[in-house]
Amino acid sequence: MEGIVFNIQRYSIDDGPGVRTTVFLKGCPLTCLWCSNPESWNPLPEVTWRYTSCKKCGTCVETCPLGLITLDEDGIHIDRKSCDRCGKCVEACVQGALRMSGTKMTVEEVYNIVKRDIDYYKLSGGGITCSGGEILMQADFVAELFKRCRKNDIHTCADTSGFGSKQEMEKILAYTDLVYYDLKHMDAEEHKRFCGQSNDLILSNLALVVEKRIPMVLRVPLIPGYNDSEKNIKAIAKTVAELAKDTPVNILPYHRYGENKYRMIDMKYHLKDVKYPTEKELDKAKQIIESFGLKCEISK
Ligand code: SF4
Ligand code: SF4
């Protein structure tokens, strides 16, 4: 079985307990405005352009057999809708400014990388985390990979937005030891406005994780002006407290680490003017969540 992987990060310490290998999968049905991995949205491999490495030599323009690349004072532009991912432009760019993001890999190939650090997992209580993108888009692949890991006593963590079918979620949960579950907005319309889709599937899959009694960490990205209102934080905390009071909540403060990636795939970053949340704002959100009897931490 093959999946499309856009990164494998070894020695990761932020994607679950202990030392982990995080496997990033391509494809996401959401388009959250603050996403720091926009190159993960397209489920297929795609050409990325590192403008800091580009010498504007024009070689890729001449190389593309379909004539899809143009060059102006801002750099190159690719007609991505018509690109057939032949990779000729990537091969031609000696500066290394062009890369193909997303590679087809078998479960075996990914597992062979994951198992290299098995001793570190044992010592630190770590394991594998599958992230994205949205892992539910490659549910069969993730389930098979997790199954393989579990057989070899490697702890499995599913990092998900919860946007997918119940069947896809069940496939993955069958081999999952821990779920990192993102919850962004409780208002369906606002969720659609900021993330491109309603939150109904997300809420029903959240209840499913609770029903299956799989340990979970609920993660709330805090984006000033978008989802940080008292009303929304209270609504999130109330939902979690009613479903599973022992679920810890992590607040993920807004950051802009992914901003430059938008330009790499000819997309516009829309949150340029959003300020980072202040300590006071983060503490306030934490206190609201704790007032519902939940444990809450602010991620660094
Ligand atoms: S992306 Fe590479 S080949 Fe294309 S113009 Fe820039 S340096 Fe030249
Ligand atoms: S991948 Fe192929 S079709 Fe797409 S822009 Fe590059 S050369 Fe052209």
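What comes next is a walk through the structure. (Residues numbered from 1 in each chain as written. Chains lettered and ligands numbered in written order. Predicted model: local features only at pLDDT ≥ 70, side-chain atom pairs only at ≥ 80, totals over all residues. Heavy atoms only, no water.)

## Details of the site of ligand 2
Working step 1: In the vicinity of ligand 2, the residues found are Val 47, Cys 64, Pro 65, Leu 68, Ile 69, Ile 78, Cys 83, Asp 84, Arg 85, Cys 86, Gly 87 and Cys 89.
Working step 2: Its residues placed into classes, the shell around ligand 2 shows nine nonpolar, one polar and two charged. (Near = heavy atom within 4 Å. Nonpolar A, V, L, I, M, F, W, Y, C, P; charged D, E, K, R; others polar.)

## Quick notes on the site of ligand 1
Working step 1: Contacts to ligand 1 come from 13 residues, most closely from Cys 54, Lys 55, Cys 57, Cys 60 and Cys 93.
Working step 2: More than half of the atoms of ligand 1 fall within 2 Å of the grid points belonging to the largest cavity.
Working step 3: Residues that form the shell around ligand 1 fall into these classes: eight nonpolar, three polar and two charged. (1 Å grid on protein atoms, 1.4 Å probe; cavity = no way out; pocket = protein on both sides within 12 Å on 5 of 7 lines; lining within 4 Å. Sits in = over half its atoms within 2 Å of the grid points.)

## Examining the layout of surface pockets
Working step 1: Empty space within the largest pocket amounts to approximately 1,400 Å³.
Working step 2: If you go around the largest pocket, you meet 49 residues; those closest to its centre are Asp 15, Ser 36, Arg 219, Leu 252 and His 255.
Working step 3: Elements with a minimum of two residues in the lining of the largest pocket: strand 1 (2-12), strand 9 (155-160), strand 10 (178-182), strand 11 (216-222), strand 12 (249-253), helix 11 (279-290) and strand 13 (296-298).
Working step 4: In terms of residue count, strand 1 provides more of the lining of the largest pocket than any other element does, four residues in total.
Working step 5: The residue makeup of the lining of the largest pocket, split by class, is 20 nonpolar, 17 polar and twelve charged. (Points joined across faces, edges and corners; volume = space filled by probe spheres on them. Helix = DSSP H or I, 4+ residues; strand = E, 2+ residues; numbered from the N terminus.)

## Here's the deal with the nonpolar core
Working step 1: If you look at the biggest cluster of nonpolar residues, it comprises 66 residues, and the most contacted ones within it are Ile 128, Leu 145, Tyr 181 and Leu 218.
Working step 2: Here this core gets six residues from one element, more than from any other, and that element is helix 5 (residues 139-151).
Working step 3: Apart from residues lying up to four places away in sequence, Leu 218 is in contact with Tyr 181, Leu 183, Leu 206, Ile 236, Val 240, Thr 247, Pro 248, Val 249 and Asn 250.
Working step 4: One finds Val 47, Ile 76, Cys 89 and Leu 98 within the second-largest nonpolar core, a separate group that totals 13 residues. (Core = buried A, V, L, I, M, F, W, Y, C linked by side-chain atoms within 4.5 Å. Buried < 20%, exposed > 50% of the residue type's maximum accessible area, 1.4 Å probe, protein only. Contact = heavy atoms within 4.5 Å.)

## As for the pattern of salt bridges
Working step 1: Within this structure, the stated rule accounts for 16 salt bridges.
Working step 2: For Arg 219, the salt bridge goes to Asp 182, with nearest N and O atoms at 3.4 Å. Separated by 37 residues along the polypeptide, Arg 219 in strand 11 and Asp 182 in strand 10 bring together distant segments of the chain. The residues Arg 219 and Asp 182 share a single accessibility class, namely buried. (Salt bridge = Lys/Arg side-chain N within 4 Å of Asp/Glu carboxyl O.)

## Some points on the packing of helix 6 (residues 166-173) against helix 8 (residues 200-211)
Working step 1: Put simply, helix 6 and helix 8 touch, their axes get as near as 10 Å, and they point 30 degrees apart. Judged by the inter-axis angle, helix 6 sits roughly parallel to helix 8. Taken as a pair, helix 6 and helix 8 cross one another with a handedness that is right-handed. Every residue of helix 8 that contacts helix 6 at Lys 166, Met 169, Glu 170 and Leu 173 is listed here: Asn 205, Leu 208 and Val 209.
Working step 2: A breakdown of the residues in the contact of helix 6 with helix 8 according to their chemical character gives four nonpolar, one polar and two charged. (Axes fitted to C-alpha atoms, helices over the stretch in contact; angles between N-to-C directions. Parallel < 35°, antiparallel > 145°, perpendicular 65-115°, else oblique. Left-handed = near helix turned anticlockwise from the far one by under 90°.)

## Section: the sheet that holds strand 2 (residues 20-25)
Working step 1: Pairing within the open sheet is mixed, and its nine strands lie in the order 7-1-2-8-9-10-11-12-13. Edge positions in the open sheet fall to strand 7 (103-106) and strand 13, since each of these has one partner strand only. Taking each pair of neighbouring strands and ignoring which way they run, the sheet shows an average axis angle of 30 degrees.
Working step 2: The sheet contact formed by strand 1 and strand 7 spans four bridges and is antiparallel. Following the sheet pairing, Glu 2 is matched in strand 7 by Thr 106.
Working step 3: Packing of helix 11 onto the sheet brings it into contact with strand 11, strand 12 and strand 13, and relative to strand 13 it is tilted by some 165 degrees. (Pairing = 2+ DSSP bridges.)

By themselves, these figures tell us nothing about what the structure is for.
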